[in-house]
Each structure stands twice: as structure tokens, then as C-alpha cells.
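This is what each chain is made of:
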Amino acid sequence: MCGVLAAGPTRAMETEASLLRQCPLLLPQNRAKTVYEGFISAQGRDFHLKILLPQDLQLKKARLLCSWQLRTILDGYHHVVQQRMQHSPDLMSFMMELKVILEAALKKKQDLYALPPPPQFYSSVIEEIDALGWDKLDFVDTCFSTIKLKAEDASGREHLITLKLKSKSSLISIHRQFLAALESLKTFWDVMDEIDEKTWVLEPEKPTRSATARRIALGNNASINIEVDPRHPTMLPECCFLGADHVVKPLGIKLSRNIHLWNPEDTLLQNLKDVLEIDFPSRAVLEKFDFSMDCGICYAYQLDGAIPDQVCDNSQCGQPFHQTCLYEWLRGLLTSRQSFNIIFGECPYCNKPITLKMSGRKS
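Residues numbered from 1 in each chain as written. Predicted model: local features only at pLDDT ≥ 70, side-chain atom pairs only at ≥ 80, totals over all residues. Heavy atoms only, no water.

Draft legend 1. Region of interest: helix α6 (residues 171-184). Under the 1.5 Å per step criterion, the end-to-end length of α6 is 20 Å for 14 residues, consistent within 8% with the ideal 20 Å. Among the residues of α6, those classed as buried are Leu171, His175, Phe178 and Leu182. Seen from one end, α6 has its buried residues packed into an arc of 55 degrees, which puts them on one side. Exposed positions of α6 whose direction lies more than 90 degrees from the buried face are Arg176, Gln177 and Ser184. On its buried side, α6 packs onto α5 (119-132), β6 (146-152), β7 (158-164) and α7 (186-198). (Helix = DSSP H or I, 4+ residues; strand = E, 2+ residues; numbered from the N terminus. Expected span 1.5 Å × (residues − 1). Buried < 20%, exposed > 50% of the residue type's maximum accessible area, 1.4 Å probe, protein only. Arc of directions from axis to C-beta. Contact = heavy atoms within 4.5 Å.)

Shown next as C-alpha cells:
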């Protein structure tokens, strides 16, 4: 009798282990194991799903909840999936059968997409390019499946849009929408171009058109990080000062005191100059006065994509450091102490007190 009683749990455990091996991304969500949620993998892609089982764990009465991607791919296979739920002996068997069905559905869709379009498709694309102007065409592949169109905004900047053509695509309509989108972003790009041309932008080193943030050098190893709203580019951006307290605190005070002077009719750079009561120095000027942005510990500017953002508060020092470098340095000192996420220690250069507030780091 005891042997018979032990066989049930053993088989259940073996089934559970097999399910975990076959579907490692599908996990039980409760102790009763009536709810499973996770992902099913096929052809290198993961698809989200959720399985709700009744209390008796009978698969016949289970409910299968699919993400919209999985539901779209399995369109036309619903009756097959339901049939397998009715006849599969357990959840592991059903998941294996569902994976086979999913693989077949994906292959069928790929085969459909691989079929070449009718001849009328090519002639209609050429007619649309004729109407649009061949000067707007930057690239088209031999299959006419990918095409790149170019457009110029009102400030003379050239932009490209890449299209994956379908039989019902209208190049003229898409190009018209593209021009409208460029026009809506013109002021934003004008604002960012002026900042890039007239200041020393520390980050990003090579900003893209989609980049909304700039870290601008101010001198004295200090900088300001701004986040510009593309919809309202001349309004006051989010500002964060980086540097020694004796340098950045007065700037914060000026920003608060002069915020009423902000005029949306002026450019963002001019407003920053007026509100902060400074002129943004160029890179050539800052480098002439030995403005240093290299880390005082690793002697590098960039470390894993980050640039120095910690500065000694001693006005006679002001040496910048990478957060990671300063953290490792202070952690190695016997005299350093830590309180929550703040480390207190001595500057590697001047031995004066220095404080590091760690962001996103576990001690």
C-alpha cells in the first residue's frame, strides 16, 4: 500500500521536472499549481502565455490566455489547440504539442511572406516614385521590399525614412506624413543644434536626432545636464548640476532666483545664459584653461560608457572621478565609513573629506 501511495507524488514530481526542463520559462504562480505563467519559445522568439487550471488540475477544463502576438500567430489553429487541450494527458504533453503547433504556424507565415508580390505591385511602386520624384529616393533593394526616402526640413537638415513595403503602401502618403513629422520637430532640432554648435557637449559624444538630453561643460570641472521636451523645446528643461558644491550651489540659487526671466520666445540656450548669468564656454576656451574631465583615479575620460560625474568639493582641488572608480578607492581605505548608500572618506588627490552618494549600486 505504501508503495502505491508513493508512486503518485513521484510521478507528479517527475512530470513537474520534465515540464521545467522542456519549458523553463513557464512557472507555477501558486502552491496549488493551478496558475502557470511565462513564455513559450519557438524559432528563437519568446511568446507570453498564461494557463489557468481548475482545482482538480484537469487540462480539459483549463483556460489558455495568450499575448496578442501569440494569438495572432495561432489564428486559424485555435481548434487544433483546443483539441490538444482536450486530449493531452498532462500539462507537459500539451506544452510540447503547443510548441509543435506554434512552429508550424510560424513556418506557414514565413512561407506566405516569402511569396513574391504580383507584377502590378512593382509597376505601382515605380509610378509612385515617378509622382514623388526620383530625387526623393535614397535606396531601394532588388526585391522592392525595402526602400529609403529622403526629405529636407525647413532648416535644411536631411532626414531618411526606411520603409518595409507592403502591397497597400502609399509612398506619397507616407512621405507627406514624414514631412509633417519633420516640421513638428523643427524647433526642437534648431534648439539642440545651437547647443551642439555653441557649447561643449560632454554627453552624448555623438548625439542623434532622437537624443533629448545634453550634458554641457560649465568650467571649474562642473557641468549641467538638461532634458529637453521635444514638444515644448523652448520651455524650461529639467536641469541637474554636476560638480563640486561650492561651484554648483550658486548656479542652483541663480536658477531659482531668475526663473521668472525665462522667455519662451527666446532660444533655450539664450534663456539658460540669462537665468544662470553665465556664458557657456567653448571647448577651445576650456581646454586652454586646463579644464580636466579625465578621472583622477583611472586617468581615462570614458569608463564603460560613463564619464566622470563625481568632483572633489575642495575649491583648491576640484578633481573629477568616475563614480565606480571613487567607490572602489574609498572602499579600500581603512578610514572610510559608510552610512546606507553614502560613503565618507578622503579625496585621493588632496586628502580633504569627500562624500560619495552611490546611485544604483549595492554595497
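Now that the structure has been shown, the text picks up again.
Draft legend 2. Geometry of the packing of aromatic side chains. Inspection of every chain in the model, using the stated rule, returns three aromatic pairs. Ring geometry for tyrosine 122 against phenylalanine 144: centres 5.7 Å apart, planes inclined by 80 degrees, an arrangement best described as edge-to-face. Note that tyrosine 122 is positioned in helix α5 and phenylalanine 144 in the loop between β5 (137-140) and β6, a separation of 22 residues in sequence. For the pair phenylalanine 321 and tyrosine 349, a centre-to-centre distance of 6.3 Å together with 65 degrees between the ring planes defines the contact as edge-to-face. Taken together, the residues span a long stretch of sequence, with phenylalanine 321 in strand β13 (residues 320-321) and tyrosine 349 in the loop between β15 (342-346) and β16 (353-357) at a distance of 28 residues. (Phe/Tyr/Trp six-rings, centres within 6.5 Å; stacked < 30°, edge-to-face > 60°.)

Draft legend 3. A look at the environment of valine 35. The residue valine 35 is located in strand β2 (residues 35-42) in this model. Apart from the residues within four sequence positions on either side, valine 35 is in contact with Leu27, Pro28, Gln29, Asn30, Lys50, Ile51 and Leu52.

Draft legend 4. Molecular detail of the UniProt feature "domain: RING-type" (unreviewed entry) in the chain. With numbering matched to this structure, UniProt assigns "domain: RING-type" (unreviewed entry) to residues 295-351. From the first C-alpha to the last, residues 295-351 spans 16 Å; its make-up is 16% helix and 21% strand. (UniProt positions renumbered as here; feature names shortened; annotations may be inferred.)

Draft legend 5. Local environment of the pattern of salt bridges. Applying the stated rule across the entire model yields 14 salt bridges. One salt bridge connects aspartate 153 with arginine 157, and the closest N-O pair in it is separated by 2.8 Å. The residues aspartate 153 and arginine 157 share a single accessibility class, namely buried. Here glutamate 194 ties to lysine 198 by a salt bridge, and the two come within 3.4 Å at their closest N and O atoms. Placement of both glutamate 194 and lysine 198 in helix α7 is noted, with a separation of four residues, approximately one turn of the helix. In this structure lysine 198 comes out as partly exposed when scored by relative accessible area, which is 48%. Because the salt bridges share partners, they merge into one network encompassing Asp153, Arg157, Lys186, Asp190, Asp193 and Arg209. (Salt bridge = Lys/Arg side-chain N within 4 Å of Asp/Glu carboxyl O.)

Draft legend 6. Spatial organisation of the environment of asparagine 225. In this fold, asparagine 225 is placed in strand β10 (residues 222-227). We classify asparagine 225 as partly exposed; its relative accessible area is 27%. Note: C-alpha distance between asparagine 225 and glycine 156 (69 residues apart in sequence) is 28 Å.

Draft legend 7. Molecular detail of the sheet that holds strand β8 (residues 201-203). The sheet built from four strands is open, its strands ordered β8-β9-β10-β11 with antiparallel pairing. Whereas interior strands pair on both sides, the edge strands pair on one side only; in this sheet they are β8 and β11 (238-242). The sheet shows a mean angle of 30 degrees between the axes of neighbouring strands, taken without regard to direction. Two elements, strand β9 (residues 213-219) and β10, share six bridges in a ladder whose sense is antiparallel. Across the sheet, arginine 214 pairs through a bridge with isoleucine 226, a residue of β10. (Pairing = 2+ DSSP bridges. Axes fitted to C-alpha atoms, helices over the stretch in contact; angles between N-to-C directions.)

Draft legend 8. A look at the pairing of β2. Where strand β1 (residues 26-28) and β2 come together, three bridges link them in antiparallel fashion. In the sheet register, leucine 27 faces β2, and the bridge partner there is glutamate 37. The turn joining β1 and β2, which pair antiparallel and follow one another in sequence, is formed by six residues; a positive phi near 60 degrees is taken by lysine 33. Relative to strand β3 (residues 45-52), β2 runs antiparallel, the two sharing eight bridges. The residue bridging isoleucine 40 from the neighbouring strand is phenylalanine 47, located in β3. Hairpin geometry of β2 and β3 is characterised by an intervening segment of two residues between the two adjacent antiparallel strands and by a positive phi of about 55 degrees at glutamine 43.

Draft legend 9. Representation of unusual backbone geometry. Across the junction of glutamate 203 and proline 204, the peptide omega takes the value -10 degrees, indicating a cis bond. By the secondary structure assignment, proline 204 is in the loop between β8 and β9. Positive phi is not limited to glycine here, since glutamine 43 has a value of about 55 degrees. As for its placement among the helices and strands, glutamine 43 is situated in the loop between β2 and β3.

Draft legend 10. Region of interest: the confidence of the model for the chain. Looking at the chain as a whole, the pLDDT averages 85, with 91% of positions reaching at least 70. Here helix α1 (residues 2-22) stands out as the least confident element of the chain, with mean pLDDT 61; helix α9 (residues 268-276) is the most confident, with 96. Contacts for the low-pLDDT stretch residues 1-8, under 50 throughout, to residues beyond four places or in other chains number zero contacts. (pLDDT = per-residue confidence, 0-100.)

Draft legend 11. Geometry of the packing of α5 against α6. Running from N to C, α5 and α6 cross one another at 40 degrees; their axes reach a closest spacing of 9 Å. Between α5 and α6, the angle is such that the two are oblique. Residues Val125, Glu128, Ile129, Ala131 and Leu132 of α5 form the contact with α6, whose own contacting residues are Leu171, Ile172 and His175. Residues that form the contact of α5 with α6 fall into these classes: six nonpolar, one polar and one charged. (Parallel < 35°, antiparallel > 145°, perpendicular 65-115°, else oblique. Nonpolar A, V, L, I, M, F, W, Y, C, P; charged D, E, K, R; others polar.)

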